[in-house]
Amino acid sequence: MSKKRVIFDHDGAIDDFLALILLLTMPEIELLGIVVTPADCYIQAALSITNKILNLLGRRDIAVSESTVRGINAFPPKY
C-alpha cells in the first residue's frame with residue numbers, strides 16, 4: 001500500500017494540534033510539511049506548539065511554515 005502524501009494546513013486551534021498528532025501516528029500517511037495560517041491564533045504561539053509536537057514525536061524532519069494568507073476573522077486580543 002502506498003502512503004498518502006499530505007501537506008497539513010492549520011490555524012492554531014486545539015483541534016488542529018490533536019489532528020496533527022493523529023496524522024503523525026497514521027502509518028498510511030506521509031506528512032510532507034505543515035503550514036500554519038494565522039486565522040484563529042497568535043501565529044508565533046501556534047508555530048511554537050507545532051514545533052514542540054514535532055520534537056516530542058521525533059519528527060524534526062517535517063518543515064513548518066507560516067502562511068502569508070490571513071484569516072478573515074482574526075483572533076481578537078481580548079481573548
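Our structure's up above, just so we're on the same page.
Since this is a predicted model, take the numbers as computed values, not measurements.

(A) Spatial organisation of the overall build of the protein. A count of helices and strands for the protein gives 2 helices and 3 strands. Going from N to C terminus, the protein has its helices and strands arranged as β-α-β-α-β. Within the protein, the proportion of its 79 residues that are buried is 34%. Intrachain contacts of the protein at a sequence separation of at least 6 include 73% that bridge at least 24 residues. Per element, the accessible surface of the protein, about 5400 Å² overall, is 59% carbon and sulfur.

(B) Local environment of the environment of Phe-8. Among the structural elements, Phe-8 can be located in strand β1 (residues 4-10). Looking at Phe-8, the relative accessible area reads 12%, which means it is buried. Measuring from C-alpha to C-alpha, the distance between Phe-8 and Val-64 comes to 9.5 Å, with 56 residues separating the pair along the chain. Not counting the four nearest positions on each side in its chain, Phe-8 is found in contact with Asp-16, Ala-19, Leu-20, Leu-23, Leu-31, Gly-33, Ile-34 and Val-35.

(C) Just helix α1 (residues 14-25), in detail. Its 12 residues place the ends of α1 17 Å apart at the C-alpha level, agreeing with the 16 Å of an ideal helix rising 1.5 Å per residue. For α1, the set of buried residues is Asp-16, Phe-17, Leu-20, Leu-23 and Leu-24. All buried residues of α1 lie within an arc of 120° about the axis, which places them on one face of the element. Summarising the geometry of α1, the exposed residues directed more than 90 degrees from the buried face are Ile-14, Asp-15, Leu-18, Leu-22 and Thr-25. Buried residues belonging to α1 abut β1, β2 (29-36) and α2 (43-56).

The rules behind these values
- Residues numbered from 1 in each chain as written.
- Predicted model: local features only at pLDDT ≥ 70, side-chain atom pairs only at ≥ 80, totals over all residues.
- Heavy atoms only, no water.
- Helix = DSSP H or I, 4+ residues; strand = E, 2+ residues; numbered from the N terminus.
- Buried < 20%, exposed > 50% of the residue type's maximum accessible area, 1.4 Å probe, protein only.
- Contact = heavy atoms within 4.5 Å.
- Areas by Shrake-Rupley, 256 points an atom, 1.4 Å probe, with all protein chains shown as cover.
- Expected span 1.5 Å × (residues − 1).
- Arc of directions from axis to C-beta.

Just geometry here; none of it tells us what the structure is for.
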